[in-house]
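What the coordinates show
Listed below are the residues making up each chain.
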Amino acid sequence: MTSEGEENFFMPSTSSNPAIGSTSTTDGSLTCKKRKLTSIVWNEFEKVIIDGQDYTICKHCKSKLKADSKNGTKHLHVHLDRCIKRRNVAIKQQFLAIERKGYGKVQIGGYTFDQDISKEKLACAIILHEYPLSIVDHACFRDFASSLQPLFKMVSRNTIKDDIMKIYEFEKGKMSSYLEKLETRMAITTDMWTSNQKKGYMAITVHYIDESWLLHHHIVRKLSTITVDNCSSNDGMIDILSEKLSSSGLDVIRVEIEQICESVAYWSATPSRVEKFEDAARQLRLPCNKKLCLDCKTRWNSTYLMLSIAITYKDVFPRLKQREKLYTTVPSEEEWNLVREICERLKLFYNITKLFSGRNYPNVNTFFIKVCEIKEALYDWLIYSNEVVSTMASSMLEKFDKYWSRCHIVMAIAVVLDPRYQMKILEFYFPIMYRSEASSEIGKIRQLCYDLLFEYQSKSKMGQQTSSHGASSVSNLFELTYDEQDPLSKFDLFVHSTSEEGHVKLELDYYLEETVLPRISDFDVLSWWKKNGIKYPNLQMIVRDIYAIPVSTVAS
């Protein structure tokens, strides 16, 4: 017999006589058929076997209590009543959770409300959606949270701020640990921005390709101030070759477009003028799906958008001149023709900027082709009959040559390592870029590819193994690695790589002998290198590092 609230549970018998209700196993031992535990007390204990003895562990304080048939469950009830840990988390209450199974079926089970988990969820929501910290003080939000879970105690602004910082420190630790173990190089970009409190910040973003060949971008640190030795070194390639060139071109034509700028400024100054302008456009049966916008003189793309939109309303301005006495800056036909010429040329820069504003795919390889298109276009503009356009092209070419020398090597190597282009793309574009010096420049890029391969081979254990192509003599070449104490060690590598007699083919040689792949729009260059890393292990490592380099700075 047991007292009320108790429950007997049966353990294996240790006597020589078989226990009633027991069954025999194959090894002769006896096991008892245990009765199903029905007391609610077992929701708060976990049964274990230690040294052949049955015990039960309190889920709250982790105390160990005996769990044999003599004790029943009364001592477990007594422990729960006295358990300090259980009383301290009294906020945790058992509820019935409804899980929908489909076809009108639901399953009801128990779940535990936890104040700490709910606080963490709230902090994550504020981080993800950029809610203000003051949301915890909003009366309607507090009422909403209370209606969902009356037991949730809304936290203060300072508390939620501390919770957010804890999440930040935890995630920062995880990211630092991950980056330290990452077996690849990382590219870094910086972005300056100003908060609503007028404080300046610099967000530092790392870019890398992981073991699964996926491109990642993470903000790793935010600084209130930083000192750099050269501001231009913070510019991305696309920012240099679009922003700098276009800005220099617009400086040349600023006087020629002044009338149009003033016209746009006049008719976009007040709501009443905007309404009058749109009425005139409708009378001419022109769609008003784009509004006039005044440019920012330091942002070339805003000037392009201003001019391209103004051109669509070219016939509206002289019509309004007849109705508005205060409007006196009507552009002439020659000015409109000039602006049309300029817009057609700036459109190239605008489209390239839009193309590379995304960052979900590697683009350092494809950017090379677009830059070559820019150089080719600038040469055409230079010999154009319109003096303003040719002057603009001359100014832009001067900037182009200056910045091209800084970044063309990385872009050229990246495009060579794209199996759709290889060295063929240099042979196609460099005669346009360098004219008579094209062969020399192609040779420089080729040699840089070999130098880079030698560098990676010297750092890679794979470089000491026989090539997967079966050339046994390759291992002898790999023994010739770069020695910092011997400046001519690179010369030894160069001799081996360029010698006619007994030339040992390297990974790069085999790669460049492959047929150039067809250019298809959905080609995934990272997937190709992921699959072909067995044939070209060192080239694969180079690709993984170079293709992580962004061609534009990444906004935070």
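Residues numbered from 1 in each chain as written. Predicted model: local features only at pLDDT ≥ 70, side-chain atom pairs only at ≥ 80, totals over all residues. Heavy atoms only, no water.

As annotated in an unreviewed UniProt entry, the chain carries the name Zinc finger BED domain-containing protein RICESLEEPER 2 and is attributed to Vitis vinifera.

1. So, the overall build of the chain
For clarity, the threshold we go by: Note on conventions: DSSP H or I runs of at least 4 residues are helices, E runs of at least 2 residues are strands, and numbering of each starts at the N terminus. A 1.4 Å probe rolled over the protein chains alone gives each residue an accessible area, and that area as a share of the maximum for its type sets the label: buried under 20%, exposed over 50%, partly exposed in between. Whether two residues are in contact is decided by their heavy atoms: any pair within 4.5 Å suffices. Residue exposure ignores everything except the shown protein chains as possible cover, and the areas themselves are Shrake-Rupley values with a 1.4 Å probe.
A tally of regular secondary structure across the chain gives 20 helices and ten strands. Looking at the chain residue by residue over its 556 residues, the buried ones come to 39%. The contacts in the chain between residues at least 6 apart in sequence include a share of 61% that link residues at least 24 apart. When the accessible surface of the chain is totalled, it reaches about 33500 Å², and 52% of it is carbon and sulfur.

2. What about unusual backbone geometry?
Even without glycine at this site, glutamate 130 takes up a positive phi of about 55 degrees. Within the fold, glutamate 130 resides in the loop between helix H3 (115-129) and helix H4 (139-148). In this structure glutamate 130 comes out as exposed when scored by relative accessible area, which is 72%. A positive phi angle, close to 60 degrees, is found at arginine 285, a residue other than glycine.

3. What about the packing of aromatic side chains?
Quick note on the threshold: Note on ring pairs: Phe, Tyr and Trp rings are taken, using the six-membered ring of Trp, and paired if centres are within 6.5 Å. Classes follow the plane angle, with under 30 degrees stacked, over 60 edge-to-face and the rest tilted.
Counted by the stated rule, this structure contains 19 aromatic pairs. When the centroid spacing of 5.4 Å and the interplanar angle of 75 degrees are considered together, the rings of tryptophan 267 and tyrosine 327 count as edge-to-face. In this pair, tryptophan 267 sits in helix H7 (residues 258-267) while tyrosine 327 sits in the loop between helix H10 (316-321) and helix H11 (333-355), placing the two residues 60 residues apart along the sequence. For tyrosine 327, a relative accessible area of 1% translates into the label buried. Seen from their ring centres, phenylalanine 317 and tryptophan 336 are 5.7 Å apart, and the 35 degrees between their planes marks the pair as tilted.

4. Points about the pairing of strand E4 (residues 53-58)
Note the following rule: Strand pairing is assigned whenever DSSP detects at least two bridges linking the two strands.
Judged by how many residues are buried, E4 sits mostly within the fold: five of six residues are covered. In this structure, the hairpin formed by strand E3 (residues 45-50) and E4 is closed by a connection of two residues, where aspartate 51 is found at a positive phi of approximately 50 degrees. For E4 and strand E5 (residues 64-66), the ladder comprises three bridges, and the chain directions are antiparallel. Looking at the pairing, tyrosine 55 lines up with lysine 66 of E5. Following E4, the chain reverses through five residues before pairing antiparallel with E5; lysine 62 in that reversal takes a positive phi of roughly 65 degrees.

5. A few points about helix H1 (residues 74-82)
Basically, it comes down to this: The directions considered for the arc are those from the helix axis to the C-beta atoms.
Those residues of H1 that sit buried are Leu76, His79 and Leu80. Taken down its axis, H1 places every buried residue within 100 degrees of arc, on the same side. The outward face of H1, more than 90 degrees from its buried face, is lined by the exposed residues Asp81 and Arg82.

6. Observations regarding helix H12 (residues 364-382)
As a reminder of what qualifies: Each residue after the first adds 1.5 Å to the expected span of a helix.
Here H12 contains 19 residues, and its C-alpha end-to-end distance of 27 Å stays within 8% of the 27 Å for a straight helix at 1.5 Å per residue. Residues Val364, Asn365, Phe367, Phe368, Ile369, Val371, Cys372, Ile374, Lys375, Ala377, Leu378 and Trp381 constitute the buried set of H12.

7. Some points on the pairing of E3
With six bridges joining them, E3 and E4 adopt antiparallel strand pairing. Bridge pairing links lysine 47 to threonine 56 in E4.

8. What to know about the environment of glutamate 183
If you trace the backbone, glutamate 183 turns up in the loop between helix H5 (157-181) and strand E8 (187-194). The class of glutamate 183 is exposed, set by a relative accessible area of 72%. Sequence separation of glutamate 183 and aspartate 210 is 27 residues, and the distance between their C-alpha atoms is 8.5 Å.

9. Topic: the nonpolar core
Keep this limit in mind: Among buried residues, the Ala, Val, Leu, Ile, Met, Phe, Trp, Tyr and Cys ones that are joined through side-chain atoms within 4.5 Å form a nonpolar core.
Phe368, Leu426, Trp529 and Tyr547 are the most contacted members of the largest nonpolar core, which has 94 residues in total. Counting residues per element, this core draws most heavily on helix H13 (residues 387-416), which supplies 15 residues. The next biggest cluster of nonpolar side chains, apart from the first, holds 13 residues, and it includes Phe113, Ala123, Ile126 and Val136.

10. Some details on the side chain of glutamine 422
Filter applied, for reference: Any pair of N or O atoms that falls within 3.5 Å is considered a polar contact. Within protein, one atom must be able to donate a hydrogen and the other to accept it, and sequence-neighbouring residues count only if both atoms are side-chain atoms.
Here glutamine 422 shows up in the loop between H13 and helix H14 (424-434). Residue classification places glutamine 422 among the buried positions, given a relative accessible area of 3%. For glutamine 422, the side chain forms a polar contact with the main-chain oxygen of tyrosine 511, separated by 3.4 Å. Glutamine 422 has contacts with Val415, Val416, Tyr511, Leu512, Glu514, Thr515 and Val516, leaving out every residue within four places of it along the chain.

11. Considering the sheet that holds E5
Sheet strands pair via backbone hydrogen bonds, and the direction of the pair is either parallel or antiparallel. The cut-off we apply is this: Structural elements are reduced to axes, namely lines fitted to C-alpha atoms, with helices fitted over the stretch in contact, and the angle between N-to-C directions of any two is expressed from 0 to 180 degrees.
Spatially, the three strands line up as an open sheet ordered E3-E4-E5, and their pairing is antiparallel. Edge strands, defined here as strands with exactly one partner in the open sheet, are E3 and E5. The average undirected angle you get between the axes of adjacent strands in this sheet is 35 degrees. Against the sheet, H1 contacts E3, E4 and E5, and its axis sits at roughly 155 degrees relative to E5.

12. Thoughts on the side chain of lysine 375
Note on placement: lysine 375 falls in helix H12. Engagement of the side chain of lysine 375 in a polar contact is seen with the backbone oxygen of methionine 433, the distance being 3.4 Å. Ignoring anything within four residues of it in the chain, the contact list for lysine 375 reads Leu397, Phe400, Asp401 and Met433.

13. Quick word on the confidence of the model for the chain
This is how it is decided: What pLDDT expresses is the predictor's confidence in each residue, scored from 0 to 100.
Chain-level pLDDT for the chain is 77 on average; 73% of the residues reach the 70-or-more range. Note on residues 223-237: pLDDT under 50 across the span, and 23 contacts to partners over four residues away in sequence or across chains.

14. A closer look at the packing of H3 against H5
Quick reminder of the rule: Orientation categories follow fixed angle ranges, with anything under 35 degrees roughly parallel, anything over 145 roughly antiparallel, 65 to 115 roughly perpendicular, and all other angles oblique.
The N-to-C vectors of H3 and H5 enclose an angle of 80 degrees; their axes lie 9 Å apart at closest approach. Overall, the two elements H3 and H5 adopt an arrangement that is roughly perpendicular. On H5, the residues touching Lys119, Glu120, Leu122, Ala123, Cys124, Ile126 and Ile127 of H3 are Thr159, Ile160, Asp163, Ile164 and Ile167.

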